[in-house]
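Topology and contacts: notes
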Amino acid sequence: MKKYVALTFVVMLAAGTAVAETAEQKGLRIATQADVRDSGWGDSTAGMVMTLRNRSGKTSSRIIRTKTLEGRGDGDKALSLFDTPADVKGTAMLTFSHGLKPDDQWLYLPALKRVKRISSKNKSGPFMGSEFAFEDLGSQEIEKYTYKYLGEESCGKGWKCHKIERIPAYKYSGYTRQTVWIDTKELRPVKVEFFDRKRRKLKTLTWKGYREYIGRYWRADEMFMQNHQTGKSTRLQWKNYKFKTGLSSRDFNKNSLARQR
Amino acid sequence: MKKIIFTVILLSTLLSHVSAAEWSGNVAVELRGFLSQGAWPGQGDGGISVSAQPEFRHQWDGGNFGVTFIPFARLDSMDDERSHADIREFDFLWVTGDWEFRAGISKVFWGVTETQHLVDIINQTDVLEDIDQEEKLGQPMLRVTRTIGNGGIDLFLLPWFRERAFPGIEGRFRPPLVIDKDLSSYESDDEEHHLDWSIRWNQSVANLDFALSWFQGTSREPLLLQAGEALAPFYVQLKQAGVELQYTGEAWLWKLEAVHRETTAENYNAFVGGFEYTFVGINESAADLGVLLEYNYDSRDHLALTVFENDLFAGTRLALNDPQSTELLAGVMYDLDFNSKSFRLEASRRLGESYKLGIEAHIFWDVDPQDPMYVFRKDDYIQITLARYF
């Protein structure tokens, strides 16, 4: 439903572009277009290697598999399955995201066989000790931010990008604002700069190696997060992206976390 | 022994036929030191212990079929009885649509609270491993699950009862007389073959996660009867109705577990409830600090075999959220009737990619002679565990 409203909104805005558009309206319009451009994929699965690097260059890695179900009228449902480090093997995290409302989250701890509902207040906290916060990896719903168009810039490889400022509208974000570069052709995120609560530049996230799947959906092979304040970084390398695999809400049940492999 | 040989043959046959076989698990060394001499003659002062838990899992047909095999064994230098082995899990899974069927030896966990696991009744507690009630023996079962929305209904048929194992003469956490498992007796004429059954419905609605359960069968916790120089476990028949409830707010978790239990001897109620409040990102760091408060009640009052008859637990949980997943949980249990206190600490940290260091301590003080915990008053200990995961 939300998608239809958004689409109608885009059509209305497109019809009204003769009237001068404010920077805020233009920012929202591009964010909405990007969201529409990347909708309809249904469900997807992928594998990820997360490499953490500290300031002295020491690395450690985690292997995680993800299953995602696109939300219709609500946010996406996501399942993360941890393969390494070995002591957390079998741990599963189930997330139901909902725009501005806090996400619902359950954690399955295999040693105890315990399913724990956890608070999702900890949006700014690190995911698995990495430089990615929970909020960086969550489903990016349009209503999670307010937008402001800053201009057009070249953003590498001969690409042109929309530069947009976005301010988190949800509670407990660790950021005062983000600057996002989205390529003008396919509306893919290319770079995000994150500014902390003291308005200092905290991190930069860059996407590399975009590939097109099932003729429409672009996913990057690599996401790289650099923390400018600590010198630490985290690299996510994505593998085996599959779309429309036939997942349904049945596969995103807190009761079934124990048997997920 | 025959069972073990059969298991090994079956497993090796299975292994030679599957391709995507998956082994994982851990081996661990544990050092335990008791701070005082035991209250009862013969008790040791600590020692070294090694354990192994290999885990085999295989799934096929897109996860619609699966086999799990998890044996466990421990060798303990102090207490012969604590040297023990068990098949934690050995089950077969079949999933079809909204239905899941499991047959074999399996393990389940019910509950939401931290101080005790009151509602959790399917598996026998392995008290030799730890006194925290979190280690369980494998339970033979047939389990049928029907998932409904983000929840479901589970039906359990439990054809074989697992007796609780107790520390030997050298062991700690025991009463003055040793509990002799060989003297076990049952209220039911079917003894350990009594067919126990259970049903549980759990659901998640907005910020609320709840479960209702019913159990009918052999009590997992025996009464202890004096039999000469030893204590003999006596297992009564039990009916238990259970409730689990958790409200998840932004920083608050409100939790409740309650049971009503009926046996031929008595009917009683017990509950544990409280909250956990989390301060996120303390001191502008990545660390989270939680504050926990839970109250434990048992209507059996001072006759209770439980140490949780009118007790308050106050504790704290620290998660550094660092790459090594450093965590600490510590707290004090305070008995409001007897003013007895016990302190517990659990901390862990990953070393490198595949080792984990754990520290555990339990200290008792001001324990009143009338408190059921009195028999443990000299069993303060500190334990260090190093586990290698593979």
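Think of each chain on its own: its residues are numbered from 1, step by step along the sequence as written. Chain labels run from A onward and ligand labels from 1 onward, assigned in the order the entries are written. Under the rules for a predicted model, residues below a pLDDT of 70 receive no local features and side-chain atom pairs below 80 are neither given nor counted, while totals for whole chains, interfaces and linings still include all residues.

**Quick notes on the overall build of chain B**
Our working rule: Helix and strand assignments follow DSSP, with helices taken as H or I runs no shorter than four residues and strands as E runs no shorter than two, numbered in order from the N terminus. When we talk radius of gyration, it's over C-alpha atoms, and the globule rule is simply 2.2 Å times the number of residues to the 0.38. Neighbour density around each residue's C-beta defines its exposure: 20 or more other C-beta atoms within 10 Å make it buried, 12 or fewer make it exposed, and counts between make it partly exposed, where C-beta atoms are placed from the backbone. We call two residues in contact if the C-beta atoms placed from their backbones are at most 7 Å apart.
When its secondary structure is counted, chain B shows one helix and 22 strands. In summary, chain B has a C-alpha radius of gyration of 21 Å against a globular reference of 21 Å for 390 residues, a match within 12%. By its C-alpha atoms, chain B is 60 × 60 × 40 Å across when sized along the principal axes. Expressed as a percentage of its 390 residues, the buried residues of chain B come to 36%. Taking all contacts inside chain B whose residues are at least 6 apart in sequence as the whole, residues at least 24 apart take part in 54%.

**A look at the overall build of chain A**
A count of helical and extended segments in chain A gives three helices and 13 strands. Taking 2.2 N^0.38 as the reference for a compact globule, 261 residues should give roughly 18 Å; the C-alpha atoms of chain A span a radius of gyration of 19 Å, in line with that estimate. Considered along the principal axes of its C-alpha atoms, chain A spans approximately 60 × 45 × 35 Å. Out of the 261 residues in chain A, the part that is buried amounts to 35%. Partitioning the contacts of chain A with sequence separation of at least 6, the portion at a separation of at least 24 is 44%.

**What to know about the confidence of the model for chain B**
All names here are of chain B. Let me state the cut-off plainly: As a per-residue measure, pLDDT tells how confident the predictor is, with possible values from 0 to 100.
Confidence in the prediction of chain B, expressed as mean pLDDT, is 92, and 93% of residues score 70 or more. Scored below 50 in pLDDT, residues 15-20 makes three contacts in the model with residues more than four places away or belonging to other chains. For this predicted complex, the interface confidence reaches an ipTM of 0.91, while the overall pTM sits at 0.90.

**A word on the interface of chain B and chain A**
Condition: Polar here means any residue other than Ala, Val, Leu, Ile, Met, Phe, Trp, Tyr, Cys and Pro, which are nonpolar, and Asp, Glu, Lys and Arg, which are charged; Gly is therefore polar.
Listed as interface residues are 38 residues of chain B and, on the opposing side, 25 residues of chain A. Of the residues assigned to the side of chain B that touches chain A, the class counts are ten nonpolar, 17 polar and eleven charged.

**Digging into the nonpolar core**
Put simply, the rule reads: One nonpolar core equals one set of buried Ala, Val, Leu, Ile, Met, Phe, Trp, Tyr and Cys residues connected by C-beta atoms within 7 Å.
Counting 41 residues, the largest nonpolar core has L79, A92, L94, Y108, I164, I182 and L257 of chain A as the members making the most contacts within it. Filtering out sequence-adjacent residues up to four positions away, L257 of chain A remains in contact with A92, L94, W106, Y108 and V115 of chain A. Listed in part, the 20 residues of the second largest apolar core include M141, F156, A270 and V272 of chain B.

**What about the pairing of strand β7 (residues 152-158) of chain B?**
All names here are of chain B. We count it as follows: Note on pairing: DSSP must find at least two bridges between two strands before they are called paired.
Alternating residues of β7 divide into G152, D154, F156 and L158, all buried, and I153, L155 and L157, none buried. As defined by bridge partners, strand β6 (residues 139-147) adjoins β7 across six bridges and the pair is classed as antiparallel. Within β7, the residue paired with V144 across the bridge is L155. Between the end of β6 and the start of β7, which pair antiparallel, lie four residues, with G149 showing a positive phi angle near 55°. In this structure, β7 lies alongside strand β10 (residues 196-205), joined through seven bridges in antiparallel fashion. Its bridge partner being in β10, L158 is matched across the sheet by D196.

**Some points on the environment of Y355 of chain B**
Residues and elements named next belong to chain B. Turning to its location among the elements, Y355 is positioned in strand β21 (residues 355-365). The spatial distance from the C-alpha of Y355 to the C-alpha of F390 is 9.0 Å, given a sequence separation of 35 residues. Ignoring anything within four residues of it in the chain, the contact list for Y355 reads R350, L386, A387 and R388.

**Thoughts on unusual backbone geometry**
Glycine aside, residues mostly have negative phi angles, and peptide bonds mostly take the trans form. Each neighbour pair has its own omega, and for T84 of chain A with P85 of chain A the value is 0°, a cis peptide bond. By the secondary structure assignment, P85 of chain A is in the loop between β3 (77-84) and β4 (92-98). Phi is positive for D61 of chain B, which is not a glycine, with a value near 55°. Checked against the element boundaries, D61 of chain B lands in the loop between β2 (46-60) and β3 (65-76). Residue classification places D61 of chain B among the exposed residues on the basis of 9 C-beta atoms within 10 Å. Located in the positive-phi region is S325 of chain B, a residue other than glycine, with phi close to 50°.

**Topic: helix α2 (residues 23-37) of chain A**
All names here are of chain A. The test is simple: One fewer than the residue count of a helix, multiplied by 1.5 Å, yields its expected span. Our arc is simply the arc of the directions from the helix axis toward the C-beta atoms.
The end-to-end C-alpha distance of α2, which contains 15 residues, comes to 21 Å, matching closely the 21 Å that a straight helix rising 1.5 Å per residue would cover. Inspection of α2 places G27, L28, A31 and A34 among the buried residues, and these make up the whole buried set. Seen from one end, α2 has its buried residues packed into an arc of 125°, which puts them on one side. Residues of α2 that are buried in the fold lie against β7 (145-154), β8 (160-168) and β9 (175-183).

**Overview of the pairing of strand β1 (residues 22-34) of chain B**
Residue and element names in this part refer to chain B. Bridge count between β1 and β2: twelve bridges; the pairing is antiparallel. Paired with V27 across the two strands is A52, which belongs to β2. Two strands pair when backbone bridges link them, and β1 and strand β22 (residues 381-389) are joined in this way by nine bridges, in the antiparallel orientation. In the sheet register, E30 faces β22, and the bridge partner there is T385.

**With respect to the environment of P54 of chain B**
Mapped onto the secondary structure, P54 of chain B falls in strand β2. When neighbours within four sequence positions are excluded, P54 of chain B is seen to be in contact with W23, G25 and P71 of chain B.

**A look at the environment of D298 of chain B**
Residues and elements named next belong to chain B. As for its position among the elements, D298 is in strand β17 (residues 288-298). With 24 C-beta atoms counted inside 10 Å, the residue D298 sits in the buried group. Spatially, the C-alpha atoms of D298 and F271 are 6.6 Å apart, while their sequence positions differ by 27 residues.

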